[in-house]
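What follows is each chain in one-letter form.
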Amino acid sequence: LTAPEHMPAPGPLLRTPQTADEANAERRTREVLGRATGLLDRVNAARLGQQARQQHETARRFVDQSLQALSERNYLLAASLADKAETLARGLSR
């Protein structure tokens, strides 16, 4: 089989009222990620119990996945993941 001579253009990005302004959506998401990362950095994961350590690892994965979604310009997913990371980080920093 041979590849087609030209690939179709990708479809348009999904736009919602929250992500219509890409610069603001990215800025807001990066602010949330900054807060989440700051909270996670202050937590000594070695002193956490098993369940809390798993939450810490999950929050770190959410941060990484959110950054990946930002690089793919999937602002809705990035914001959702960032919010989840911050929620977990706040719970661990108490």
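Just so you know, these numbers come straight off a predicted model, no measurement behind them.

Q: Lay out the pattern of salt bridges with the relevant residues and their values.
A: Pairing between side chains becomes possible if they bear opposite charge and their charged atoms approach one another. Applying the stated rule across the entire model yields seven salt bridges. Notably, a salt bridge pairs arginine 90 with glutamate 86, separated by 2.8 Å at the nearest N-O pair. Placement of the pair is arginine 90 and glutamate 86 together in helix 3 (residues 75-92), with a separation of four residues, close to one helical turn. Residues joined by salt bridges that share partners form a network here, namely Arg35, Glu86 and Arg90.

Q: Quick rundown of the nonpolar core? Include the residues and the values.
A: With 20 residues, the main nonpolar core has Leu33, Leu40, Val63, Leu70, Ala85 and Leu92 as its most contacted residues. For this core, the secondary-structure elements that each account for two or more residues are helix 1 (22-42), helix 2 (50-71) and helix 3. In this view, leucine 33 contacts Val63, Ser66, Leu67, Leu70 and Ala82; residues no more than four positions away in its chain are not counted.

Q: I'd like to hear about the environment of leucine 33, residue by residue, with values.
A: Turning to its location among the elements, leucine 33 is positioned in helix 1. For leucine 33, a relative accessible area of 5% puts it in the buried group. Sequence separation between leucine 33 and valine 63 is 30 residues, and the spatial gap between their C-alpha atoms is 6.5 Å.

Q: I'd love a proper account of the packing of helix 1 against helix 3, names of residues and values included.
A: Two elements in contact, helix 1 and helix 3, have axes whose closest approach is 8 Å; the angle formed by their N-to-C orientations is 25°. Taken together, the axes of helix 1 and helix 3 lie roughly parallel to each other. For the pair helix 1 and helix 3, the sense of crossing is left-handed. In contact with Glu22, Ala25, Glu26, Arg28, Thr29, Val32, Leu33, Arg35, Ala36, Leu39 and Leu40 of helix 1, helix 3 contributes Tyr75, Ala78, Ala79, Ala82, Asp83, Ala85, Glu86, Ala89, Arg90 and Leu92. Of the residues belonging to the contact of helix 1 with helix 3, the class tally is 13 nonpolar, one polar and seven charged.

So, how was this worked out
- Residues numbered from 1 in each chain as written.
- Predicted model: local features only at pLDDT ≥ 70, side-chain atom pairs only at ≥ 80, totals over all residues.
- Heavy atoms only, no water.
- Salt bridge = Lys/Arg side-chain N within 4 Å of Asp/Glu carboxyl O.
- Helix = DSSP H or I, 4+ residues; strand = E, 2+ residues; numbered from the N terminus.
- Core = buried A, V, L, I, M, F, W, Y, C linked by side-chain atoms within 4.5 Å.
- Buried < 20%, exposed > 50% of the residue type's maximum accessible area, 1.4 Å probe, protein only.
- Contact = heavy atoms within 4.5 Å.
- Axes fitted to C-alpha atoms, helices over the stretch in contact; angles between N-to-C directions.
- Parallel < 35°, antiparallel > 145°, perpendicular 65-115°, else oblique.
- Left-handed = near helix turned anticlockwise from the far one by under 90°.
- Nonpolar A, V, L, I, M, F, W, Y, C, P; charged D, E, K, R; others polar.

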